[in-house]
Amino acid sequence: MDGGHTPKIVGTVWGLLVLNTLGSAGAKTIVPLPRSLIQMVTMGALVAAFALALTVNLRLRIRAGAYVFLLTLLLVTSVISSAHLESGFGALFRCARLALFVGTLWLLSRWWDGDLTFVRHHIRMYFAVLGSVAMGLAVAPGAALPDLYGGRLVGALWPLTPPQIGQYAAVIVGLTVLLVLGRRTDRVSAAVVIAPSLVLLALTHTRTATLGLFLGLALAIGSLLLTSAAARRFFSWAVLCATVAAVGFASVLQAWFLRGQSKENFSSLTGRAKVWDALLAAPRTAGEKWFGMGLGDKSFGGLPIDNSWLAVYNEQGLAGVALVAAIILVLGGVALLRPPSLERACAIFLISYCAIASYTEAGLGDASPYLLHLALAASLLAAPAAAAPLMTPELRRRHIPRWARRSEVP
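Since this is a predicted model, take the numbers as computed values, not measurements.

A. Fine view of the nonpolar core. The biggest cluster of nonpolar side chains holds 100 residues, and the ones touching the most others in it are W14, Y67, L105 and W112. The biggest single contributor to this core is helix α7 (residues 162–181), with 12 residues. With residues up to four places along the chain from it excluded, the contact list for L105 reads W14, L17, Y67, V68, L71, W112, L372 and A375. In terms of nonpolar packing, the next biggest core, distinct from the first, is built from seven residues, W276, L279, I305 and L310 among them.

B. A look at a nonpolar patch on the surface. A contiguous nonpolar surface patch, about 450 Å² in accessible area, is contributed by I30, V31, M135, V139 and L157. Mapped onto the elements, L157 comes out in the loop between α6 (141–144) and α7.

C. Seen up close, the confidence of the model for the chain. Considering every residue of the chain, the mean pLDDT works out to 87; 89% of them sit at 70 or more. Across residues 387–396, where pLDDT falls below 50, the model places zero contacts with residues more than four positions away in sequence or in other chains. Residue range residues 406–410 is modelled with pLDDT below 50. Its contacts to residues more than four positions away, or to other chains, number zero contacts.

D. Seen up close, the pattern of salt bridges. All told, the structure shown has five salt bridges when counted by the stated rule. Between D113 and R63 there is a salt bridge, and its shortest N-O distance comes to 3.6 Å. Linking D113 in the loop between α4 (90–108) and α5 (117–139) with R63 in the loop between α2 (35–56) and α3 (66–82), this pair joins segments that are 50 residues apart in sequence. Between K298 and E315 there is a salt bridge, with its nearest N and O atoms 3.2 Å apart. Residue K298 is found in the loop between α14 (286–291) and β1 (299–300), and its partner E315 is found in helix α15 (residues 308–337); the two are separated by 17 residues along the sequence. Judged by relative accessible area, E315 falls into the buried class, the value being 2%. If you follow the salt bridges from partner to partner, you end up with K298, E315 and D366 in one network.

E. Representation of the layout of surface pockets within the structure. Reported here for the second largest pocket is a volume of approximately 1,400 Å³. If you trace the second largest pocket, you find 36 residues lining it, with F214, L217, F234, A238 and C241 closest to the centre. When residues of the lining of the second largest pocket are traced back to their parent elements, those giving at least two are α7, α8 (187–204), α9 (207–222), α10 (229–248) and α11 (250–258). With 11 residues, the single largest contributor to the lining of the second largest pocket is α10.

F. Spatial organisation of α15. Across its 30 residues, α15 extends only 26 Å between first and last C-alpha, which sits more than 12% below the 44 Å expected from 1.5 Å per residue. Largest kink in α15: about 130°, centred on Q316. N-cap assignment for α15: the residue whose side-chain oxygen lies 2.9 Å from the backbone N of W309 is N307.

G. View of the side chain of R344. Inspection of the secondary structure assignment puts R344 in helix α16 (residues 342–357). Although R344 is buried, it makes no salt bridge; E343 carries the closest opposite charge, 9.8 Å away. Polar side-chain contacts of R344 include one of 3.1 Å to the backbone oxygen of R338. The residues contacting R344, other than those within four sequence positions of it, are S223, A335, L336, R338 and P339.

H. Examining the packing of α7 against helix α17 (residues 369–381) more closely. Running from N to C, α7 and α17 cross one another at 15°; their axes reach a closest spacing of 12 Å. By the angle class used here, α7 and α17 are roughly parallel. For α7 against α17, the interelement crossing comes out right-handed. Residue-level contacts link Q167, Y168, V171 and L175 of α7 to P369, Y370, H373 and L376 of α17. For the contact of α7 with α17, the class distribution of residues is six nonpolar, two polar and no charged.

I. Spatial organisation of the packing of aromatic side chains. Tallied over the entire structure, the rule returns four aromatic pairs. Between W276 and Y359, the aromatic rings sit 5.4 Å apart at their centres with planes inclined by 70°, giving edge-to-face as the arrangement. Linking W276 in helix α13 (residues 272–281) with Y359 in the loop between α16 and α17, this pair joins segments that are 83 residues apart in sequence. W276 sits in the buried class, given a relative accessible area of 8%.

J. How the structure looks around the environment of P304. Of note, P304 is situated in strand β2 (residues 303–304). Of the residues examined, P304 reaches a relative accessible area of 46% and is grouped as partly exposed. Measuring from C-alpha to C-alpha, the distance between P304 and W276 comes to 9.6 Å, with 28 residues separating the pair along the chain.

Parameters at a glance
- Residues numbered from 1 in each chain as written.
- Predicted model: local features only at pLDDT ≥ 70, side-chain atom pairs only at ≥ 80, totals over all residues.
- Heavy atoms only, no water.
- Core = buried A, V, L, I, M, F, W, Y, C linked by side-chain atoms within 4.5 Å.
- Buried < 20%, exposed > 50% of the residue type's maximum accessible area, 1.4 Å probe, protein only.
- Helix = DSSP H or I, 4+ residues; strand = E, 2+ residues; numbered from the N terminus.
- Contact = heavy atoms within 4.5 Å.
- Patch = residues over 30% accessible without salt bridge, like charges linked within 9 Å, V, L, I, M, F, W, Y side chains within 5 Å.
- Areas by Shrake-Rupley, 256 points an atom, 1.4 Å probe, with all protein chains shown as cover.
- Salt bridge = Lys/Arg side-chain N within 4 Å of Asp/Glu carboxyl O.
- pLDDT = per-residue confidence, 0-100.
- 1 Å grid on protein atoms, 1.4 Å probe; cavity = no way out; pocket = protein on both sides within 12 Å on 5 of 7 lines; lining within 4 Å.
- Points joined across faces, edges and corners; volume = space filled by probe spheres on them.
- Expected span 1.5 Å × (residues − 1).
- Bend = angle between axes of the 7 residues up to and from the residue.
- Polar contact = N/O pair within 3.5 Å; in protein donor to acceptor, adjacent residues only side chain to side chain.
- Lys, Arg positive; Asp, Glu negative; His and termini not counted.
- Axes fitted to C-alpha atoms, helices over the stretch in contact; angles between N-to-C directions.
- Parallel < 35°, antiparallel > 145°, perpendicular 65-115°, else oblique.
- Left-handed = near helix turned anticlockwise from the far one by under 90°.
- Nonpolar A, V, L, I, M, F, W, Y, C, P; charged D, E, K, R; others polar.
- Phe/Tyr/Trp six-rings, centres within 6.5 Å; stacked < 30°, edge-to-face > 60°.

Written out as structure tokens, the structure is:
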């Protein structure tokens, strides 16, 4: 096991994984991009990530962990459910994609050492993605804030939906705040990341990402209260500011939160509940209940499911739901058992964010940013690799001729 040094190419591999999980469907861009071209780029990024990871880890040194093991079991379940081709040959293609994704994580696990190396890769790459969103907003505000999405921010250069942008912004804001509290970055660099990301998050009007950010940060900072004075100060100021905002800007916050929707539409979660009810009421065989219909596009009846648990149930059955639940519970349990630290706080933020977002977003059962967030949490919770002991060969005992030995004094 390599202790301490992570090759720079590993950061490139992580960035390619991020590129792969950006997706191929979203808003209309300034320059129309054929979906086939987008899929070629994203899949090419995944193949390149696997090839580079294999190149840098030719000896196939891996670090066994519960997360990648459970992901492998989820892959097996996905293959079983997709083998019947009820979702078409596309299901097998998605299985191959998931296999490359999981295989790349296995190869990278060699460098999961409980440090913040991958956190920095994560922030840099998603900040670059948000940079493209900001550039699209500056170049073509009309395309970046289309009426089709109710004036919410979308990707005008690369097809990104408001929930995607909100997720990326929330995750890097949360991680950067924790780095500042842990004094692992300076405030100027942090402000460069946090300020524009918060603006983009506000423009997306994404409720799930906003709640995930605040609740995830509350849990993460709460884990540091007993050991960090900076965390205690930040928590106190955050509570004070939240109270003032709730009292003084209640109407503005309510309007932003409702996004102009009626209370009936809001209570049905923008129509999601109707899709969920129809999915649960659909007749299924015993095999479909346990192993699902095979990997698909996370939709039911032509409408997005927008719930990770129901999407997994639909595609990988109860077996898949059990494995996803085990992933969340195992990572959460390990995080609770670790002593307080910045790395543990980052992991708690990522796990809690993914758990909160799973209610209104799909992605925990297939290669997605959510699985990448959880992989980052797993790398933070990995026990530091024991430094290899310094092997000093024993000095050979010098042979002394018998005539040269001193005779013992009687």
